[in-house]
Amino acid sequence: MIKIGILGASDIAFRRMAPALCNSDRFQYVGVAISSKEEWGVDNADALVAAQMAKAKTFEEKFGGKIFESYHDLLTAKDVDAIYLPLPPGLHYKWGKIALENGKHILLEKPFTACLQDTESLLALAEEKGLAVHENFAFVYHAQIEKIKEIVDDGEIGDVRLIRTAFGFPYRGENDFRYHKSMGGGALLDCGGYPLKLADYLLGGDTRISDCQLLSAKGHDVDVYGAATLQNEVGAVAQIAFGMDNSYKCDLEIWGSQGYLSTPRVFTPTAEMETVITIKTQTEKTVTVAPDDQFLHSAEFFADCVGNALTRAGHYQTIRHQAKLFQDIINEKGV
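What counts and how
Residues numbered from 1 in each chain as written. Predicted model: local features only at pLDDT ≥ 70, side-chain atom pairs only at ≥ 80, totals over all residues. Heavy atoms only, no water. Core = buried A, V, L, I, M, F, W, Y, C linked by side-chain atoms within 4.5 Å. Buried < 20%, exposed > 50% of the residue type's maximum accessible area, 1.4 Å probe, protein only. Helix = DSSP H or I, 4+ residues; strand = E, 2+ residues; numbered from the N terminus. Contact = heavy atoms within 4.5 Å. 1 Å grid on protein atoms, 1.4 Å probe; cavity = no way out; pocket = protein on both sides within 12 Å on 5 of 7 lines; lining within 4 Å. Points joined across faces, edges and corners; volume = space filled by probe spheres on them. Nonpolar A, V, L, I, M, F, W, Y, C, P; charged D, E, K, R; others polar. Pairing = 2+ DSSP bridges.

### Let's talk about the nonpolar core
Then comes step 1: Membership of the largest hydrophobic core comes to 46 residues, with the highest contact counts inside it found for Leu230, Ile254 and Leu261.
Then comes step 2: The greatest single-element share of this core, amounting to nine residues, is contributed by helix α8 (residues 188-203).
Then comes step 3: With residues up to four places along the chain from it excluded, the contact list for Ile254 reads Ile148, Val152, Ile157, Val160, Leu162, Ile163, Leu202, Gly259, Tyr260 and Leu261.
Then comes step 4: Ranked by size, the runner-up nonpolar core spans 31 residues in total, among them Ala20, Ile34, Met53 and Leu296.

### Here's the deal with empty space enclosed by the protein
Then comes step 1: According to the stated counting rule, one finds one cavity of 30 Å³ or more in the structure shown.
Then comes step 2: Forming the walls of the largest cavity are 14 residues, and the residues nearest its centre are Thr113, Cys115, Thr119, Ala323 and Phe326.
Then comes step 3: Looking at the lining of the largest cavity, the elements with two or more residues in it are α6 (116-129) and α10 (309-333).
Then comes step 4: For the lining of the largest cavity, the per-class residue count stands at nine nonpolar, four polar and one charged.

### Concerning the pairing of strand β5 (residues 105-109)
Then comes step 1: Counting buried residues along β5, five of its five residues qualify, which places the element largely inside the surrounding structure.
Then comes step 2: What you see with β5 is no split at all: His105, Leu107 and Glu109 on one side and Ile106 and Leu108 on the other are buried throughout.
Then comes step 3: Relative to strand β6 (residues 133-136), β5 runs parallel, the two sharing four bridges. Each residue of the ladder has a partner; that of Ile106, found in β6, is Val133.

It is worth stressing that arrangement in space is one thing and function is another; only the former is reported here.
If you want it as structure tokens, here you go:
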């Protein structure tokens, strides 16, 4: 079993990843780390540490394990093999590098880092040390995605003419890390990564960005909403849209020569939720996909990377490709 700790008592770790790790027979959850006063590096950090400790105690109560009272305590622990790192993107490179330098495999919450250069640096270090890394776009591992690909590949809606996918949510307030460049914020790196990843997957992974737009709002120094068009080598097209000052949207539509399919909850189904794919040709039908735990499957793919050098090497390239797509959009239309 892989002994794994969580770096930061985040909400996504508590709701989704810690339960998945505890439900897997491939991991042993060892505990959660909070940042010490010195690691916060700000004046009057006592209140921040106390707030994190209160969150960490909820992890201890629900999942067991221990509380590490600094990030360094977890990252240097000799009985820990791997780290799940759900901190804001602007902190991924710093703490991911320290984890790798201490011989830990790392499961990074998406995006892997805030820029291509940092991603390349971490991948080079992981490669050098023979360590596994994983970018947690968990939706890719949900059975719904496999079923959608099967429907398309079987020709049920004919030849694919257009893919449209979008992910966005209402404004979360100016104090949220997503709206601050120094924390690796921006709609593209946050909610935009989901439709970008899905469109690239459905187009076959040989895609390029043919058009894009990133736009700000409410005086923020990052993109708050945007859109892009992707095209593969044979000319198939996908349009994506994303935003974090939008009404909620989380859908996919694939328009074919003989029909189309759609699904309204493509990125965020919970482990207890059925998902429904609607297919319209000359008639209409629905395909129900049983509840599936995408975070569990993502964690277990990470375990595959830990245990298999070929899987690990292939995934380095997957992470690098996603980072290059991010960077192509940022270079073209960066805010």
